[in-house]
Amino acid sequence: MSKSGGRIREGSRKQMHWLIFTYLLLLASPCMGFLPNFWSQVLTLSWGSHTHQYITEQAILNVTLDTLKGTKKHQGNHAEERTRLGRGFWRAVGEVVKSNAAMDFLISTRSDPVYHFDSERVDNALAMLRQFWTQTLLSVRAKEYQSARHSLGQLFHSLQDFYSHSNWVEMGQHSIYLHLLQPEEPAIPVAKEDTPTCMECFSATCRNNLLPSLRNAQQDSQLLTTGYFSTSPPKPQGKCSHGGILDSSRYMGAKGGINKDSTSPLFSPHHYLHAEAATLATEATLTVLRDLRDNVGYKAFLRLFSVKQVPALVFVMDTTGSMFEEITAARLRAHSMIQSRANSPEQPVTFVLVPFHDPAVGPVYETDDPSQFMQYMENLMALGGGDEPEMCLSAIQLALTHSPPMSEIFVFTDASPKDAHLFDEVKALALEKQSKVTFLLTDDPQYTTEIRRGRRIRKRRSREPLPSDRFSLYSSLSSLSGGLTIFTTNSDIHKVSTIVEDNTAADKVTLLHVESAQESKSSYSFRVDSSVKNVTLHVTGILKECILTNPSDQSQSLLSEQGPLAKLEHFEGLYRISLFPPIQPGQWKVQATSDRNIIFNVIGDSSVDFLYYFATVTNETHPGLARVEGSPIAGAPAFLVLAVTGLAPDEEASFSHVTLLGAQGETLQQVKLNSSSSSLSSSHSVDELVGWVDSVPRVPFCVQFTGRDSRGNKLERVSTEMVQPTHVQIQVLSVPRLVPGHSTMVEFNILNHGPARHFSLSINDNCGYLQKIGPLRFHVAGNGSFHDQVNLHTPATAQAGATVTLTLTVRALDSTDSNYQVVYLTVVPPDPDTSPPSCTPAGGQSTCPSICNESSWSVSLVVSDRGRSGLAALQLQKGDGILSLFLSPPPTEDSVGDTQPGSDQQQAHREKTTSGGYHHHHDDYMARLEKGDTPLNMSEWVLDSSQPLWVKYTSSCCSAQAELLVWDTAGNMKRCHLAPGQQRQPRDRSTETNGTGRMTLTSLFFLLLSLVWSPLL
């Protein structure tokens, strides 16, 4: 490892003035401050600009709704479907947007012209763009959806930048550039280094400053160019600049610039073409998403964006001999949940099971099939063990790595952790994924359990009891992640496990989550609005008294009487309180008396929830707000950005402020929000609000969101995870790809925002690729930095598309300051096949007459793979006709079915395909496909997938369009459009990546209705 030190530049007074100015404008703007580009919007004064965020969000939303419309289970209108997409969907979209925006903020990408189609580095940018596509496709096929969202955001940024940074629009183009993601499509040559491209421009607005040859609409003589930015690489004389006041190259000849990032002439010399560039960027983004959907299938596409996804059911099970009752309880609870969800309209649930004892951990059982999960549960056996402790944190680490974000993880054990050194890493994964960890512990420090003749015998320990704080790491992990730690007994474990069912239902929101440390009376309140149903209170600890009061001041003593407000169920270690319907909206109060710590957690059913993140100003090559990775800096200013999800289309709600709450529910700080009202009836994809935190609290806190619903009832939601403010940061500088058989380096900085001190750094990965493992100790000066790198070696046997989770955690040796970064690295092949299959015309019938129902048309094609992978599958995506497939060309155009028989082996392969919706005529040795059939697996029909296939499509003239999808085994896709009278190469608007097409009225409509956005960076 290499080490170096440095000083962190302190913010100047001028930057602070900009912060204050920004905030004042934010407060004065009526529902205008949408982030992360609000800062860019202020600086560029371009209130009507489209942004990367808006283009990306709208495209994902539109294609997702169209995908739902195409599935039989979802028949609601767009407005209704939009409301039910779920909080997980908007978090997934946020991951794509975050990755997109990070291209302008990360040190490794923000100034590299290859990532932004700058400085005429078009060929390298094309290669990078296609790598992003390959990486996205590999990740989706491997079900590594977080990695796929990351590479998809990178792809979108570069793709969108092309239309803003090049002369494509100035050439009069009205459709997207096919060659960007389709290497077989015609390419426009890039101007050579010694070819001038621009004329001098001496004003902010540069009209016609491109040389005539660069504005030529004639395809034969077109040249492509992109603007140079800053001084790296240096701009040759006569070349175009990016332009705008942030670009230092604008002063070099030729002066001026051509970027269309915004509508402001101060920052975009071709601002008058911004709308055209944004329109094409939108269409290109839409087409990538459609091709991705058709490539991986509707189900995988919806899983990629966590559409209508309920929390994953994740069990971490201690399987030592004393755990028989716990395993039985978990098994029965899982069966109950699966039965109750059998007819649920939501997407399939992810099930994860991680068994552990000592020393073995795992394997991880992960499935979407409820029956398969129950089989895993049935196979669990409680054997061996009997001593303390066990490898519990290792198992939780595996569960967090393999489960999707916002999962509910339930740990069943009676032993303390043997692997306490993993706590910081497990904590980092839980916070990064916003997953809750709940412990169900069946242990009493005064007793031990033995098994004699098959019976469990509980007796008092003959030796000194184990330390009473040996479960403290479990309590800490559950507290910071928003879960619970429940101490119960074997006899009550099945009843206590009802919390599993309570917490993993769809659309669960948290109304209150507090921990009472006083051994006295405590009083808390929570609010119920008109959207909340089925409110449940979970209380851990031992209560002496508990009084519930409704908004009408009607009270019920829950421990001593049955009443009209709620039903209480008491199990060892847990009180479960269910409010009786109808639940009165308003403020409810709970008064409790206890002689030890108790935790209140109040949940309800509602689609209205929120997401949030902290952001800081960046003013480098692209001004804007960058998300804070890991924990925010204590005592420093920051923006707090919230996204409100799940409002009904006709629901008007007002949002006033956010309250930062301490662990015991005390108010630390109130943060005003910039918007007084918001409604999803607008063209916004999601309501996003912003507040200014002048000083991040120095103690752990959670975020409480406050507003009012359409009936005037106060609306409150709480994020249960505890934010951990700190004075140290980890800044990852590069996120490279992993290539089998090669070593890779990840660089990072440690930034110390406190006094000079020593730190301990721990780095771990889930696959064992790190070449140096173990904590590293080092000294960092006050407000200084430490630079280092870590090397990973990817074995030659690594599976393409696999994701390696790299977790970095740093901790100060003299205080509680700590922080983390979680990085996802994807394994990609060294030389992937990116050439798609091809469709070559082989004849066809004449065009259709005017009376369509009296005639039919046909077209014949030769389908082959131009790469080295071979054909994998075919599907008739559109069209009401019949697609016939042949192993060899028919003797004549009219002799369908007259092909000669193949070998007996080929005939046997063809006979395998008589099921699954395909229409076969074995006497003619061919297969037939219709619209609605699942893709035909070529490996079951032909022996040699590298050989061409002959297809013939026949249809009534009343159905004059058809579309054939062809895949190769590398995942590249060809979209072949068929029409009557087709004698040339079929129009191919999409292949292995995405395609082109004219702008649709729908996409244009959404663009015209867009709200005020910051510039397309």
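About the thresholds
Residues numbered from 1 in each chain as written. Predicted model: local features only at pLDDT ≥ 70, side-chain atom pairs only at ≥ 80, totals over all residues. Heavy atoms only, no water. pLDDT = per-residue confidence, 0-100. Contact = heavy atoms within 4.5 Å. Pairing = 2+ DSSP bridges. Helix = DSSP H or I, 4+ residues; strand = E, 2+ residues; numbered from the N terminus. Axes fitted to C-alpha atoms, helices over the stretch in contact; angles between N-to-C directions. Polar contact = N/O pair within 3.5 Å; in protein donor to acceptor, adjacent residues only side chain to side chain. Disulfide = S-S within 2.5 Å. Parallel < 35°, antiparallel > 145°, perpendicular 65-115°, else oblique. Left-handed = near helix turned anticlockwise from the far one by under 90°. Nonpolar A, V, L, I, M, F, W, Y, C, P; charged D, E, K, R; others polar. Core = buried A, V, L, I, M, F, W, Y, C linked by side-chain atoms within 4.5 Å. Buried < 20%, exposed > 50% of the residue type's maximum accessible area, 1.4 Å probe, protein only.

### A closer look at the confidence of the model for the protein chain
Atom-level detail of predicted coordinates should not be read off regions where pLDDT is low.
Step number 1: The pLDDT averaged across the protein chain works out to 82; a share of 81% of its residues lies at or above 70.
Step number 2: Contacts of residues 451-464 to residues separated by more than four positions or lying in other chains number 34 contacts, the stretch itself having pLDDT below 50.
Step number 3: For the stretch residues 676-684, pLDDT sits under 50, and the model shows 34 contacts to residues farther than four places along the chain or on other chains.

### Focus: the sheet that holds strand β13 (residues 545-549)
Step number 1: What the four strands build is an open sheet, ordered β11-β17-β13-β14; its pairing is antiparallel. Strand pairing shows two members of the sheet lacking a second neighbour, β11 (521-528) and β14 (555-557), which therefore form its edges. Ignoring strand direction, the axes of neighbouring strands in this sheet form an average angle of 15°.
Step number 2: Pairing of β13 with strand β17 (residues 586-593), which is carried by five bridges, proceeds in the antiparallel orientation. By the bridge assignment, T549 is partnered in β17 with K589.

### Brief notes about the environment of R333
Step number 1: By the element assignment, R333 lies in helix α10 (residues 324-340).
Step number 2: For R333 and I499, which are 166 residues apart along the polypeptide, the C-alpha to C-alpha distance reads 9.6 Å.
Step number 3: If we skip the residues at most four places from it in the chain, R333 touches H494, K495, S497, T498, V500 and E501.
Step number 4: Within the structure, the side chain of R333 is placed 3.0 Å from the side chain of E501, a separation counted as a polar contact.

### A short note on the state of the cysteines
Disulfides are covalent bonds that link the sulfur atoms of two cysteine residues.
Step number 1: One pass over the structure, following the stated rule, counts four disulfides.
Step number 2: Between the sulfur of C198 and that of C240 lies a disulfide, 1.9 Å long from S to S. Looking along the S-S bond of the C198-C240 disulfide, the torsion reads about 95°, which is the right-handed sense. Remark: C240 occurs in the loop between α7 (145-165) and α8 (274-296) and C198 occurs in the loop between α7 and α8; sequence separation between them is 42 residues.

### Some points on the packing of helix α6 (residues 122-141) against α8
Step number 1: At a closest axis distance of 11 Å, the pairing of α6 and α8 adopts a crossing angle of 40°. As far as their axial angle goes, α8 and α6 are oblique. Pair α6 / α8 crosses with right-handed handedness. The segment α6 lies against α8, with W133, T136, L137, V140 and R141 engaging V288, D291, L292, N295 and V296.
Step number 2: Partitioning the contact of α6 with α8 into residue classes produces six nonpolar, two polar and two charged.

### Here's the deal with the nonpolar core
Step number 1: Ranked by size, the top nonpolar core spans 62 residues in total, and within it F89, Y163, W168, L180, L289 and F305 carry the most contacts.
Step number 2: At 10 residues, α8 tops the list of elements feeding residues into this core.
Step number 3: Leaving out residues up to four positions away in the same chain, F89 has contacts with I60, L61, T64, F305, S306 and V307.
Step number 4: Residues V314, V411, Y474 and L480 belong to the second largest nonpolar core, which totals 35 residues.

### Description of unusual backbone geometry
Glycine aside, a negative phi is what most residues show, and trans is what most peptide bonds show.
Step number 1: Omega for the bond connecting G253 with A254 falls within 30 degrees of zero, at 0°, which places this linkage in the cis form.
Step number 2: Along the polypeptide, A254 turns up in the loop between α7 and α8.
Step number 3: Note that the residue after G362, namely P363, is joined by a cis bond; omega there is 5°.
Step number 4: Among the secondary structure elements, P363 is positioned in the loop between β3 (351-356) and β4 (365-367).
Step number 5: With a phi angle near 55°, F117 is a residue other than glycine that sits in the positive phi range.

### Looking at the sheet that holds strand β15 (residues 566-571)
Step number 1: Taken together, the five strands give an open sheet; going across it, the order is β10-β18-β12-β16-β15, and neighbouring strands pair in antiparallel fashion. Each edge of the sheet is formed by a strand with only one pairing partner; in this case those strands are β10 (508-516) and β15. Ignoring strand direction, the axes of neighbouring strands in this sheet form an average angle of 15°.
Step number 2: Alignment of β15 against strand β16 (residues 574-579), held across six bridges, turns out to be antiparallel. Directly across from K567, in β16, lies its bridge partner S578.

### Topic: the packing of helix α13 (residues 423-433) against helix α14 (residues 472-481)
Step number 1: Two numbers describe how α13 lies on α14: the axes approach to 10 Å, and their chain directions differ by 20°. Considering the angle they form, α13 stands roughly parallel to α14. Relative to α14, α13 is oriented so that their crossing is right-handed. In contact with F423, V426, K427, A430 and L431 of α13, α14 contributes L473, S476, L477, L480 and S481.
Step number 2: Partitioned by chemical class, the residues of the contact of α13 with α14 number seven nonpolar, two polar and one charged.

### A few points about the side chain of S249
Step number 1: Note that S249 resides in the loop between α7 and α8.
Step number 2: Separated by 2.9 Å, the side chains of S249 and D247 make a polar contact.

### What to know about the environment of C839
Step number 1: Relative to the helices and strands, C839 resides in strand β35 (residues 837-844).
Step number 2: In sequence terms C839 and V966 are 127 residues apart; their C-alpha atoms lie 8.7 Å from each other.

### With respect to the pairing of β13
Where a strand is regular, its side chains alternate between the two sheet faces.
Step number 1: Relative to β14, β13 runs antiparallel, the two sharing three bridges. Bridged to T549 within β14 is S555.
Step number 2: The antiparallel pairing of β13 with β14 creates a hairpin that spans five residues between the two strands, and D553 there sits at a positive phi of about 70°.

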